[in-house]
Amino acid sequence: MAKHWADFQYEIYLNGMTGAVPRLPTDLSRLEELTERRLGPGPVGYVAGSAGDGSTARANRAALDRRRIVPRMLRDVHERDLSVELLGRQLPAPLALAPVGVLSIMHPDAEPAAARAAAAQGVPFVLSSASSTPMEQVAEAMGDAERWFQLYWPKDVEVARSFLTRAKAAGYTALVVTLDTPLLSWRPRDLDQAYLPFLHGVGTANYFSDPAFRAGLAKPVHEDPNAAVMHFVGMFADPAKTWPDLAFLRENWDGPIVLKGVCHPDDARLAADAGMDGVVVSNHGGRQVAGAVAAADALPGVVRAVGDRLTVLFDSGVRTGDDVFKALALGARAVLVGRPYVYGLGLDGQAGVEHVIRCLLAELDLTLALSGHSGPGTVGPDDLTEAGA
């Protein structure tokens, strides 16, 4: 029988009989404010901050808020099943944890804690290239649970090839290639603190542990850490990459490949023409282009363009279960959630991440049922209206 994620609320109420209340808020939109109060301005600014004046991050929220759910009545929603098939894998819910780098700045248990939380709840964990823990260690923490690898595509072709070989050997099943970060954007919260963890060798674990990367150094990392950091900075991203370069990925990765950061229907078509398996409609949570289109506003156009050819995923602005419902209604097959789980990690380690996953999916389960749906598959554009329309 499918898991009833909504039962989490009864668990909370029953625990209340002994006077216990949740350690973190169940309204996940409150986590950011709590994190701001408890963690230092550098780490908080790095996670919560956005490009420019934050207008794209605000637009992401506004685009989801503007869409309102139209509930339907007297439909049998007694038995619900949130499971979906995604990229050839059966998943218990249409949710994955988005790739977020340098998690050690939020909690000493870093990526392994978030990965264990994802594994415990059965949702995929997408590991960032810029993690503070080597990919093999994160894989070990997850056992045989579902994990995907996110690639920041480096200039050095041998390092790129080595990353893909290592990820495959460590049991990562899908490759998520982030396209929207060929350069770091103008991020005032980081700039005002002069805070960039990579320059201190944080978020470089996959590189510093990589044989192809180390082959390019004159001295071992521990003997000249500054030279290693500068070598990393010089290759981290490549603004010269173009669509024909995708052939390299296909030649060196035999599993599903998903391109992250696609907002234009024509780019989605180019991804399909290049033999990719999916796209993530995303503006990097508002972190890359100030003044950019809201991800939820870009989603329907991409779905119309390639929804029959590619798996369309979504991230940017998701804070609640009803946000996930809205993304599904707009045509996404599943949603990646980023900042909320990172705040959960910062506030309460692995338990905090599990709390975020369970809250999100309990609320999604209830939102589906109360809107007249027994699973994600029947949700569509007719279930939404636009405020003021």
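The structure reproduced in this document is the subject of the present report. (Residues numbered from 1 in each chain as written. Predicted model: local features only at pLDDT ≥ 70, side-chain atom pairs only at ≥ 80, totals over all residues. Heavy atoms only, no water.)

1. Let's talk about the overall build of the chain
- In terms of helices and strands, the chain carries 16 helices and twelve strands.
- With the C-alpha coordinates aligned to their principal axes, the bounding extent of the chain is approximately 70 × 50 × 40 Å.
- Taking as baseline every contact in the chain between residues at least 6 positions apart, the subset at least 24 positions apart corresponds to 75%.
- As displayed, the chain offers around 16100 Å² of accessible surface, 53% of which is attributable to carbon and sulfur atoms.
- Charged side chains of the chain number 36 positive and 46 negative; the gap between the two group centres comes to 2 Å. (Helix = DSSP H or I, 4+ residues; strand = E, 2+ residues; numbered from the N terminus. Contact = heavy atoms within 4.5 Å. Areas by Shrake-Rupley, 256 points an atom, 1.4 Å probe, with all protein chains shown as cover. Lys, Arg positive; Asp, Glu negative; His and termini not counted. Charge placed at Lys NZ, Arg CZ, Asp CG, Glu CD.)

2. As for the packing of helix α13 (residues 265-273) against helix α14 (residues 295-306)
- α14 packs onto α13 with a crossing angle of 35° between their chain directions and a minimal axis gap of 8 Å. By crossing handedness, the relation of α13 to α14 is classed as right-handed. Contacts between α13 and α14 pair Pro265, Ala268, Arg269 and Ala272 from the former with Gly301, Val302, Ala305 and Val306 from the latter.
- Counted by class, the contact of α13 with α14 contains six nonpolar, one polar and one charged residues. (Axes fitted to C-alpha atoms, helices over the stretch in contact; angles between N-to-C directions. Left-handed = near helix turned anticlockwise from the far one by under 90°. Nonpolar A, V, L, I, M, F, W, Y, C, P; charged D, E, K, R; others polar.)

3. Describing the packing of aromatic side chains
- Applying the stated rule across the entire model yields eleven aromatic pairs.
- Here a set of aromatic residues connected by ring pairs shows up, and it is made of Phe149, Tyr152, Phe163, Tyr172, Phe198, Tyr207, Phe208, Phe213, Phe232 and Phe236.
- Positioned over the ring face of tryptophan 5 is lysine 3, at 4.2 Å from the centre of the ring.
- Positioned above the aromatic ring of tryptophan 253 is the side chain of lysine 168, whose terminal nitrogen or guanidinium carbon lies 4.5 Å from the ring centre. (Phe/Tyr/Trp six-rings, centres within 6.5 Å; stacked < 30°, edge-to-face > 60°. Lys NZ or Arg CZ within 6 Å of the ring centre and 35° of its normal.)

4. Comments concerning the side chain of serine 185
- Take serine 185: it is sitting in the loop between β7 (174-178) and α8 (188-193).
- The class for serine 185 is buried, based on a relative accessible area of 16%.
- One polar contact links serine 185 to arginine 187, side chain to side chain, over a distance of 3.2 Å.
- Beyond its immediate stretch of four places on either side in the chain, serine 185 contacts Ala51, Arg287 and Gln288. (Buried < 20%, exposed > 50% of the residue type's maximum accessible area, 1.4 Å probe, protein only. Polar contact = N/O pair within 3.5 Å; in protein donor to acceptor, adjacent residues only side chain to side chain.)

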